[in-house]
Amino acid sequence: MDIQEIEKQFEQRFGYKGGVCFAAPGRINLIGEHTDYNGGFVFPGAVQQCIMACVCPNKTRKVRAYALDLDGFFEFTIDNPEGPKTTHWRYLFGVVREMMARGVEITGFDAVYAGNVPLGAGMSSSAALESCFATALNELFDGGLDRMTLARVGQDTEHKYVGVKCGIMDQFISMHGKAGSLVRLDCRSGEYEYFPWDPIGYRLVLVNSCVKHILVGSPYNDRRESCERVAERAGVETLRDCSRERLEALRPILDPTDYRRAHYVLGEEARVMAVSEALKRGDYREVGRQMYLTHEGLSKDYEVSCEEMDFLVDEARRCGVTGSRIMGGGFGGCTINLVSEELYDAFVAEVAANYKQRFDRECKIIPVVIGDGARRVN
Ligand code: GLA
């Protein structure tokens, strides 16, 4: 589906022209997983896959929307704080309400949207949806909100309307992505730095296990609660400010699961810094080594992997791939792989064949191209 098709669908379904089109991307994350809500660093990049929407104010108090990928229509009144019940419709509802809460004078509007960010693959299709509409409404209703505030609109939508207590990484990068660059974001201060991503001799590729990753009602919030409990015990606001020594000293009084989770987070903090340094030197082998270590931590300590994901990482290692790990919130979705050029074709063919043989299901190979953040497209 491209933007022309979405525009055409808008005309057909609403019977008039004049909608304005917007797009916002999904993301990858090189390293720094489950660190965002711990006040730490993340290292994401926007991808070319986007959610795209054609939107036009309709001078009523009603929003009418078609989600083409789900073949669904829904409407709601912007003044009714209840909103729709279906989780998927609550993303748009939440964005509308959060924009209103920030003083943007929104009226009703008509919208058609669709996208090519795979759903439930850990590539942040929901953040793309939120960022797309936050950008659209900000422009169409002269909101004047900056990109960080629009990212917070998306994050608050997850927290208050969908029930996922996510960090800021996904919405941040969907709003701030830049083609050809990854970004290192300090989630405590909000400061960020672009790192040009041009790994000569290497490529990034995702392998989508097609095991659905669903964070709503999942143990994602439970991981966050463990971290918060440890931070409280340590007397700091987030685990970012808890040293290893402090964690070890607290160990006897911590729940063993909470300890392991916090232990992973502190390790991941160090790995993001190691990767930043390695990138400055162009040392991709070190980047890859850290990625494998992250996977180990996510699988054993943080316990957000699963059999299929562990298998995909083991396959990568067996093929001699430089780095591989589960990406995003976990519980399925994609692995991210740093692969040398000469190994690339053999790896993607082999991993696909072996996955099929082992689990009797297909995985999907998704080459990574780092794209731009949220934008108007016509
Ligand atoms: C999800 C959340 C993010 C982040 C990642 C894990 O994608 O939305 O905020 O916590 O999981 O790094």
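Note that the structure is predicted; figures quoted are calculated from it, not measured.

Rules used in this analysis
- Within each chain, residues carry numbers counting from 1 in the order of the written sequence.
- Where totals are concerned, whole chains, interfaces and linings use all residues; where local detail is concerned, this predicted model gives features only for residues with pLDDT of at least 70, and gives and counts side-chain atom pairs only at 80 or more.
- Heavy atoms throughout the structure, all of them, feed into the side-chain values; hydrogens and water do not.
- Classification of ring pairs rests on two measures: the distance between centres of Phe, Tyr or Trp rings, Trp counted by its six-membered ring, which must be within 6.5 Å, and the angle between planes, read as stacked under 30 degrees, edge-to-face over 60 and tilted in between.
- Note on conventions: DSSP H or I runs of at least 4 residues are helices, E runs of at least 2 residues are strands, and numbering of each starts at the N terminus.
- Under the scheme applied here, a residue whose accessible area is under 20% of the maximum for its type counts as buried, over 50% as exposed, and between as partly exposed, the area being computed with a 1.4 Å probe on protein chains only.
- Only when the NZ of Lys or the CZ of Arg is both within 6 Å of the ring centre and within 35 degrees of the ring normal is a charge said to sit over the ring.
- The pairing criterion for strands is at least two bridges between them, as found by DSSP.
- A single heavy atom is enough: if one lies within 4 Å of a molecule or strand, its residue is considered near that molecule or strand.
- Accessible surface is estimated by sampling points in the Shrake-Rupley manner with a 1.4 Å probe; for residues, cover comes only from the protein chains shown.
- Charged residues are taken to be Asp, Glu, Lys and Arg, nonpolar residues to be Ala, Val, Leu, Ile, Met, Phe, Trp, Tyr, Cys and Pro, and polar residues to be all remaining types, Gly included.
- Counting rule for disulfides: a pair of cysteine sulfur atoms within 2.5 Å.
- Fitted lines through C-alpha atoms serve as axes, helices being fitted only where they are in contact, and the angles separating the N-to-C directions of these axes extend from 0 to 180 degrees.
- Each helix crossing is assigned a hand: it is left-handed if the near helix lies turned anticlockwise from the far helix by less than a right angle, otherwise right-handed if that turn is clockwise.
- We call two residues contacting when some pair of their heavy atoms lies within 4.5 Å.
- By definition here, a salt bridge exists when the distance from a side-chain nitrogen of Lys or Arg to a carboxyl oxygen of Asp or Glu is within 4 Å.
- Convention used here: angles under 35 degrees read as roughly parallel, angles over 145 as roughly antiparallel, angles from 65 to 115 as roughly perpendicular, and any remaining angle as oblique.
- For our purposes a nonpolar core is just a set of buried Ala, Val, Leu, Ile, Met, Phe, Trp, Tyr and Cys residues, chained together by side-chain atoms within 4.5 Å.
- In protein, a polar contact requires one atom able to donate a hydrogen and another able to accept it; more generally it is a pair of N or O atoms within 3.5 Å, and residues adjacent in sequence count only if both atoms are side-chain atoms.

> Help me out: how do you make sense of the packing of aromatic side chains in this one?
Ring pairs (aromatic) are described by centroid distance and by the angle formed between their planes. Within the structure shown, the criterion is met by 22 aromatic pairs. Aromatic side chains Phe10 and Phe14 sit 4.9 Å apart centroid to centroid with 50 degrees between the ring planes, which places their arrangement in the tilted category. Of this pair, Phe10 and Phe14 both sit in helix α1 (residues 3–14), four residues apart, roughly one helical turn. Comparing Phe10 with Phe14, the two get one shared label, buried. A centroid spacing of 5.5 Å and a plane angle of 65 degrees characterise the contact between Phe14 and Tyr66, whose relative ring orientation is edge-to-face. One end of the pair, Phe14, is in helix α1; the other, Tyr66, is in strand β4 (residues 62–67), and 52 residues separate them in sequence. Comparing Phe14 with Tyr66 shows no difference in burial state: the two are buried. Three or more aromatic residues joined by ring pairs make a cluster, and in this case those are Phe10, Phe14, Tyr16, Tyr66 and Phe73. Between Lys178 and the ring centre of Tyr194, over which it is positioned, the NZ or CZ distance is 4.1 Å.

> Mind showing me how you'd approach the sheet that holds strand β7 (residues 181–186) here?
Whenever strands of a sheet pair, they do so through backbone hydrogen bonds, lying parallel or antiparallel. Strand order in the open sheet formed by three strands is β2-β7-β8, with antiparallel pairing between adjacent strands. The open sheet terminates on both sides in strands that have one partner only, identified here as β2 (41–42) and β8 (192–196). As judged from the five bridges shared by β7 and β8, these two strands associate in the antiparallel manner. Across the sheet, the residue bridging to Arg184 is Glu193, located in β8.

> Please explain the site of the ligand as it appears in this structure.
In the vicinity of the ligand lie 13 residues, with Glu33, His34, Asp36, Asp170 and Tyr220 positioned nearest. Notes on the ligand: free accessible area 310 Å², of which the protein chains cover 97%. Within the shell around the ligand, the residues separate by chemical class into five nonpolar, four polar and four charged.

> How do you make sense of the state of the cysteines when you look at a structure like this?
When the sulfur atoms of two cysteines share a covalent bond, that bond is a disulfide. The tally for this structure, following the rule as stated, stands at zero disulfides. A disulfide-free cysteine, Cys363 has its sulfur positioned 7.1 Å from the sulfur of Cys210, the nearest such atom.

> Help me understand the packing of helix α2 (residues 87–101) against helix α3 (residues 125–140), please; the structure alone is not making it clear to me.
If you want to describe how two helices pack, look at the angle between their axes and the distance between the axes. Relative orientation of the contacting elements α2 and α3 amounts to 40 degrees, with a least axis distance of 10 Å. Like other packed secondary-structure pairs, α2 and α3 cross with a definite hand, here right-handed. Here His88, Tyr91, Leu92, Val95, Val96 and Met99 of α2 come into contact with α3, specifically with Ser126, Leu129, Glu130, Phe133, Ala134, Leu137 and Asn138.

> Would you mind showing me how to read the pattern of salt bridges here?
Any two side chains of opposite charge can pair, given that their charged atoms come close. This structure, assessed with the given rule, holds 30 salt bridges. A salt bridge links Glu350 to Arg318; the nearest nitrogen and oxygen atoms lie 3.0 Å apart. In this pair, Glu350 sits in helix α11 (residues 341–359) while Arg318 sits in helix α10 (residues 307–319), placing the two residues 32 residues apart along the sequence. Exposure remark for Glu350: the relative accessible area of 32% places this residue in the partly exposed category.

> In this structure, what is going on with the packing of α3 against helix α5 (residues 169–176)? I would like to understand it.
Interhelical geometry of α3 versus α5 gives an angle of 50 degrees and a closest axis separation of 9 Å. Taken as axis vectors, α3 and α5 run oblique relative to one another. Relative to α5, α3 is oriented so that their crossing is right-handed. Residues Ala127, Ala128, Glu130, Ser131 and Thr135 of α3 form the contact with α5, whose own contacting residues are Asp170, Gln171, Ser174 and Met175. Its residues assigned to classes, the contact of α3 with α5 comprises three nonpolar, four polar and two charged.

> Help me understand the nonpolar core in this model?
A general trend in soluble globular proteins is that nonpolar side chains are found buried together. Residues Ile28, Leu30, Met99, Phe109, Tyr113 and Phe133 are the most contacted members of the largest nonpolar core, which totals 104 residues. Ranked by the residues each element gives to this core, the list is headed by helix α8 (residues 256–281), at nine residues.

> Help me understand the environment of Met148, please; the structure alone is not making it clear to me.
Structurally, Met148 can be placed in helix α4 (residues 147–162). Along the chain, Met148 and Leu182 lie 34 residues apart, while their C-alpha atoms are 17 Å from each other. What Met148 contacts, discounting residues up to four positions off in sequence, is Phe172, His176, Leu185 and Gly190.

> What's the story with the side chain of Asn337 in this structure? I'm lost.
Within the secondary structure, Asn337 sits in strand β11 (residues 334–340). With a relative accessible area of 0%, Asn337 lands in the buried category. Among the polar contacts made by the side chain of Asn337, one reaches the side chain of Thr335 at a distance of 3.1 Å. Those residues within four positions of Asn337 in sequence are excluded, and the remaining contacts are Arg203, Leu204, Val205, Leu206, Val207, Ala316, Val321, Gly323, Ser324 and Phe347.

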